[in-house]
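# Fold and contact review
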Amino acid sequence: MKRTIRANFDESAGTYAAYEAETDHFSTLAERLATELATQYDGTITRLLDAGAGTGASSSPLAARSERVIPLDVSRQMLRQNSFPCRVQGDFDTLPFQTGSFDAVAFTASLFLTPSPEAALEEARRVLSEEGVVGAVAPEGWYIDGTSVFEQVDRDSRSPSPTEAVSKAFEETVDTVSGVWRLDVTGEQLRQFYQIPAVAARVYPRLDPQERVERVQDLLADVEGTGEQRWRWIVGR
Ligand SMILES: C[S@@+](CC[C@H](N)C(=O)[O-])C[C@H]1O[C@@H](n2cnc3c(N)ncnc32)[C@H](O)[C@@H]1O
């Protein structure tokens, strides 16, 4: 499954960057997560690991709250768009860092993409200092006019690890605080989000990238109006 996730994101760097340039959704999530991490950490965050950094939408807001950010991602193509100098290609489950190297690890919209959030969190804990903090943001769905979009059009939409599994892994590993953030969205933004092949793979995982994007666009063609994207945030230490 991980090889597929990586291939999907390698296909997605351009459309992902275009969606973010239009919406600022991921940088907004990272900014809020950075604030929660700073609240939970006792002191100044010196070294922070941006785990699943992608094109860098999360790296800049995280850098505003710490002295040094190291972006890590499994997808070479996503990382190529990330302008941070010390970016590292790697996997959550086998981080290429020494024990106790970071004060904080942030998974902005990335931990739910791994089949074992438990393994990733154990590894995050290994690279954290004793007082270190770890945080994640995971999707709770898209709501237009108060109704879940995928309840209407497709009940099989799923992530490799549901948000409940991410929350459970946190609760079993660290002391946690959690909540839900809501971002304003339009039907047009929903369609743009599902132009990202890695995102469309949640609905039609077996189709090739172009076909799956076309099928989701058909599925969402009639969604109009305004609504919200809901994201669960979780921070633990
Ligand atoms: C939805 S993007 C989020 C990127 C960035 N954090 C942001 O907020 O824009 C998720 C990223 O997680 C990466 N990813 C998924 N599974 C991973 C794994 N096991 N190890 C490292 N990176 C992973 C993907 O390649 C992708 O770039």
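Figured I'd write up the structure that's included with this text. (Residues numbered from 1 in each chain as written. Predicted model: local features only at pLDDT ≥ 70, side-chain atom pairs only at ≥ 80, totals over all residues. Heavy atoms only, no water.)

## Side note on the overall build of the chain
Summing up its helical and strand segments, the chain has eleven helices and eight strands in all. Relative to a compact globule of 237 residues, whose C-alpha radius of gyration would be 18 Å, the chain shows 17 Å and is just as compact. Counting only C-alpha atoms and orienting by the principal axes, one finds that the chain spans roughly 50 × 35 × 30 Å. Of the contacts made within the chain by residues no fewer than 6 positions apart, 74% connect residues no fewer than 24 positions apart. Per element, the accessible surface of the chain, about 10900 Å² overall, is 42% carbon and sulfur. One finds the centroid of the 24 positive side-chain charges in the chain at a distance of 5 Å from the centroid of its 37 negative side-chain charges. (Helix = DSSP H or I, 4+ residues; strand = E, 2+ residues; numbered from the N terminus. Rg over C-alpha atoms; globule rule 2.2 N^0.38 Å. Contact = heavy atoms within 4.5 Å. Areas by Shrake-Rupley, 256 points an atom, 1.4 Å probe, with all protein chains shown as cover. Lys, Arg positive; Asp, Glu negative; His and termini not counted. Charge placed at Lys NZ, Arg CZ, Asp CG, Glu CD.)

## Topic: the packing of helix H2 (residues 13-23) against helix H3 (residues 25-40)
One can describe the packing of H2 onto H3 by two numbers: an axis separation of 6 Å at closest approach and a directional angle of 70°. Viewed along their axes, H2 and H3 adopt a mutual orientation that is roughly perpendicular. Together, Tyr-16, Tyr-19, Glu-20 and Thr-23 of H2 and His-25, Phe-26 and Ser-27 of H3 make up the contact between the two elements. Here the residues of the contact of H2 with H3 are counted per class, giving three nonpolar, three polar and one charged. (Axes fitted to C-alpha atoms, helices over the stretch in contact; angles between N-to-C directions. Parallel < 35°, antiparallel > 145°, perpendicular 65-115°, else oblique. Nonpolar A, V, L, I, M, F, W, Y, C, P; charged D, E, K, R; others polar.)

## Some remarks on the site of the ligand
Residues in close proximity to the ligand total 21 residues, the closest being Tyr-16, Gly-52, Ser-58, Asp-73 and Thr-108. In this structure, an oxygen atom belonging to the ligand sits 2.6 Å away from a side-chain N or O atom of Asp-73. For the ligand, a nitrogen atom lies 3.2 Å from a polar atom in the backbone of Val-74. Within the complex, 98% of the 600 Å² of free accessible area of the ligand lies under protein. Within the shell around the ligand, the residues separate by chemical class into eleven nonpolar, eight polar and two charged. (Near = heavy atom within 4 Å. Polar contact = N/O pair within 3.5 Å; in protein donor to acceptor, adjacent residues only side chain to side chain.)

## Re unusual backbone geometry
In this model, Ala-109 sits at a positive phi of 55°, which is unusual for a non-glycine residue. Mapped onto the fold, Ala-109 is located in the loop between strand S4 (102-108) and helix H6 (117-127).

## A word on the packing of aromatic side chains
Evaluated as defined, the whole model comprises ten aromatic pairs. Centroid distance Phe-97 to Phe-102: 5.0 Å. Interplanar angle 90°. Geometry classified as edge-to-face. Overall, the relative accessible area of 15% leaves Phe-97 in the buried class. We classify Phe-102 as buried; its relative accessible area is 0%. Three or more aromatic residues joined by ring pairs form one cluster here, namely Tyr-16, Tyr-19, Phe-26, Trp-142, Phe-193, Tyr-194 and Trp-231. (Phe/Tyr/Trp six-rings, centres within 6.5 Å; stacked < 30°, edge-to-face > 60°. Buried < 20%, exposed > 50% of the residue type's maximum accessible area, 1.4 Å probe, protein only.)

## Points about the environment of Arg-191
If you trace the backbone, Arg-191 turns up in helix H9 (residues 187-193). Each C-alpha atom, one on Arg-191 and one on Ala-221, is 7.7 Å from the other, the two residues being 30 residues apart in sequence. If we skip the residues at most four places from it in the chain, Arg-191 touches Gln-217, Leu-220, Ala-221, Val-223 and Glu-224. In terms of polar contacts, Arg-191 uses its side chain to reach the backbone carbonyl oxygen of Val-223, at 2.8 Å.

## Quick word on the side chain of Arg-212
Counting through the fold element by element, Arg-212 comes out in helix H11 (residues 209-219). Put simply, Arg-212 is tucked away with no salt bridge, and the nearest opposite charge, on Asp-208, sits 6.8 Å away. (Salt bridge = Lys/Arg side-chain N within 4 Å of Asp/Glu carboxyl O.)

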